[in-house]
Amino acid sequence: MRLTEKIIAALQNTFDTLLFLATMAVKEDFRNHVARAGAQDMNPSRRLAILGNGPSLAEQLPALIERQEWQRVDMMAVNFFALSEEFVQVRPKYYVISDPMFFRAAGRSERVDALYKALAERVTWPMTLYVQYYNPEHFDYRAAIAANPMIRIVRFHSIVFHGFRSVEFWLYRRGIGSGNFGTVVQNGEFIGILLGYKQIELYGVDHTLLDGLCVDNENRLCRTQSHYYDTTPQAPKPIYYNATNPPRPYTMHEYLAETAELFRGHEVLRDWAAEEGVRIINRTRGSMIDAYEREPM
């Protein structure tokens, strides 16, 4: 890299780092809420299994249940897993939600309401629910889960850092910043590292985000989405920003840019995990993630 390029890169990183710190000061705070709350009776093996919502989980979950894997590994579930029949069998110790539809009026739906109802009524064991610190509409999570005494709510930061890599990992180590590069699983990995787990295993994290893309006659970007709980084939549906009112469809450029950022985020988490002495193992057959070591179930 030439001297001019180094100077430009240094100036850009300085600006991005200062902008991040200013944004944190205005929107959030500089406290490590995850570490302060701590792990919940961490398994001596210090292993954490994160259950994604990819279609491969339909194949993997029965095997995990048959082996009663939660007796050896702490479980973390995400998004709508609480609506599944397996939820009360797995009894996840941790639960993460981060999509704007869970806390913004523009994205609310009957399904979101059903999720909170399920958490309120079905959780009879100690569980930690992690939610975004950023909450511009002051959504009341405690009221949404009917103040279930078995669930404690812990906030995590959601602002992604761009700037000097050495500063980035220093901040992450102190719980400042985020793994929110585009998917809730990344937030789960970030939280797992902060809690002190030394091995994080990914199940149902297919990330086949480019499969089934198409553009309809109204120039709306559509995708055939598939989750482990889908029982019938799904037709392609427009992809919308959940945080806008009314919802606005993605353009192809925006979707591909966000997807690229998501996969870059896995590389960042891989590098930070290595610095912290943490193994991230992808046990998802056919996963499109190429950042982590792979090991079958």
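Residues numbered from 1 in each chain as written. Predicted model: local features only at pLDDT ≥ 70, side-chain atom pairs only at ≥ 80, totals over all residues. Heavy atoms only, no water.

Draft legend 1. Summary view of the pairing of strand E2 (residues 74-78). Burial analysis of E2 places 5 of its 5 residues in the buried class, the great majority of the element. Here E2 shows a buried face lined by Asp74, Met76 and Val78 and a second buried face lined by Met75 and Ala77. In this fold, the crossover linking strand E1 (residues 47-51) to E2 by way of helix H3 (residues 57-66) has right-handed handedness. Two elements, E2 and strand E3 (residues 94-96), share 3 bridges in a ladder whose sense is parallel. Bridge pairing in E3 places Val78 opposite Val96. (Buried < 20%, exposed > 50% of the residue type's maximum accessible area, 1.4 Å probe, protein only. Helix = DSSP H or I, 4+ residues; strand = E, 2+ residues; numbered from the N terminus. Right-handed = clockwise from strand over helix to strand, strands pointing away. Pairing = 2+ DSSP bridges.)

Draft legend 2. Representation of the packing of helix H7 (residues 165-173) against helix H9 (residues 252-275) in the model. The contact between H7 and H9 brings their axes to 11 Å, and the two run at 70 degrees. The pairing of H7 with H9 is recorded here as roughly perpendicular in orientation. Here H7 runs over H9; the crossing is right-handed. Facing H7, whose interface residues are Arg165, Glu168, Phe169, Tyr172 and Arg173, H9 presents Val268, Asp271, Trp272 and Glu275. Class assignment of the residues belonging to the contact of H7 with H9 gives a composition of 4 nonpolar, no polar and 5 charged. (Axes fitted to C-alpha atoms, helices over the stretch in contact; angles between N-to-C directions. Parallel < 35°, antiparallel > 145°, perpendicular 65-115°, else oblique. Left-handed = near helix turned anticlockwise from the far one by under 90°. Contact = heavy atoms within 4.5 Å. Nonpolar A, V, L, I, M, F, W, Y, C, P; charged D, E, K, R; others polar.)

Draft legend 3. Just the nonpolar core, in detail. If you look at the biggest cluster of nonpolar residues, it comprises 39 residues, and the most contacted ones within it are Val96, Tyr130, Tyr172, Ile191, Ile200, Leu202 and Trp272. At 7 residues, the largest contribution of residues to this core is made by helix H8 (residues 184-195). Ignoring sequence-local partners within four residues, the contact set of Val96 consists of Met76, Ala77, Val78, Asn79, Tyr130, Phe156, Val184, Asn187, Gly188 and Ile191. (Core = buried A, V, L, I, M, F, W, Y, C linked by side-chain atoms within 4.5 Å.)

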